[in-house]
Amino acid sequence: MDQLEGTPALVRVTRRLEESAALDGAVETLRPGVRSAFGSGTRGAVLRGDWLGHALHPLLTDVVLGTWVSATLLDLVGGEESATASRRLIGTGLLVAGPTAWSGWAEWSEAGLREQRVGVVHAVSNGAAIGLYAASWLARRRGRHGTGVGLALAGISAVKVGAYLGGHLASARKVGTHHPAFDSD
């Protein structure tokens, strides 16, 4: 009997990602460069949040997600007078997306193979979202608000995939920096 039988579809898909040797080539290709650029030395410690006693990545993801979700809400219910605010929110999310990704790569560099497999798909989903939101921002900047809204709606869909996988890594697999004081009762 399949161990995953009877579990929710998203759990089955996520477990299959964790076990997918097809992702190992990407993991092995990325690992040395990511570790060197984001995961080692003082830079890695800062990006992981060692100085904070808590992973930095979730704090930054809240800014990106918050701005993009807020922009989407304005697009859907705010009317035309919200167009400038929505574009500014998207731009703010794009500015924070870089440091957010860097902090995620720092955490990824310390994770095990199973988590790194999921992390690659998480990063691809978020990369797609960043591309879609960048295109949305440019379209809006060029006066094509409707196109920008459509691109942002596609972007929020990619964000949902990335957020689910990121939540899985942080909650189910406990990927993330924390101070040893939190290990004791």
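About the criteria used
Residues numbered from 1 in each chain as written. Predicted model: local features only at pLDDT ≥ 70, side-chain atom pairs only at ≥ 80, totals over all residues. Heavy atoms only, no water. Phe/Tyr/Trp six-rings, centres within 6.5 Å; stacked < 30°, edge-to-face > 60°. Helix = DSSP H or I, 4+ residues; strand = E, 2+ residues; numbered from the N terminus. Buried < 20%, exposed > 50% of the residue type's maximum accessible area, 1.4 Å probe, protein only. Polar contact = N/O pair within 3.5 Å; in protein donor to acceptor, adjacent residues only side chain to side chain. Contact = heavy atoms within 4.5 Å. Core = buried A, V, L, I, M, F, W, Y, C linked by side-chain atoms within 4.5 Å. Salt bridge = Lys/Arg side-chain N within 4 Å of Asp/Glu carboxyl O.

## Digging into the packing of aromatic side chains
Here's step 1: Counted by the stated rule, this structure contains two aromatic pairs.
Here's step 2: With 4.1 Å between their ring centres and 15° between their planes, Trp68 and Tyr133 make a pair best called stacked. Here Trp68 is found in helix 4 (residues 57-77), whereas its partner Tyr133 is found in helix 6 (residues 113-141), with 65 residues between them in sequence.
Here's step 3: Note on Trp68: relative accessible area 3%, which makes it buried.
Here's step 4: Judged by its relative accessible area of 0%, Tyr133 is buried.

## Overview of the side chain of His168
Here's step 1: Along the polypeptide, His168 turns up in helix 7 (residues 145-172).
Here's step 2: By relative accessible area, His168 is classed as buried at 13%.

## A closer look at the side chain of His122
Here's step 1: Looking at the secondary structure, you find His122 in helix 6.
Here's step 2: A distance of 3.4 Å separates a polar atom in the side chain of His122 from the backbone nitrogen of Gly166.

## Quick notes on the environment of Val118
Here's step 1: Mapped onto the secondary structure, Val118 falls in helix 6.
Here's step 2: On a C-alpha basis, the gap between Val118 and His168 in space is 8.9 Å, while along the polypeptide they are 50 residues apart.
Here's step 3: Dropping the residues within four chain positions of it, Val118 is found in contact with Thr14, Leu17, Glu18, Leu165, His168 and Leu169.

## Here we look at the nonpolar core
As a rule of thumb, nonpolar side chains are buried together in soluble globular proteins.
Here's step 1: Among the nonpolar cores identified, the biggest contains 13 residues, and Trp68, Ile90, Ala129, Tyr133 and Val159 are the most heavily contacted of them.
Here's step 2: Those elements that provide at least two residues to this core are helix 4, helix 5 (83-108), helix 6 and helix 7.

## Observations regarding the environment of Gly98
Here's step 1: The residue Gly98 is located in helix 5 in this model.
Here's step 2: We classify Gly98 as partly exposed; its relative accessible area is 23%.

## Considerations on the pattern of salt bridges
Opposite charge on two side chains permits pairing when their charged atoms draw close.
Here's step 1: In this structure the tally under the stated criterion is nine salt bridges.
Here's step 2: Among the salt bridges present, the one from Arg15 reaches Glu19, with a minimum N-O distance of 3.1 Å. One end of the pair, Arg15, and the other, Glu19, are both in helix 1 (residues 9-19), four residues apart, so they sit about a helical turn from each other.
Here's step 3: For Arg15, a relative accessible area of 25% translates into the label partly exposed.
Here's step 4: According to the relative accessible area criterion, Glu19 is partly exposed, its value standing at 48%.
Here's step 5: Among the charged side chains, a salt-bridge network with shared partners connects Arg15, Glu18, Glu19 and Arg173.

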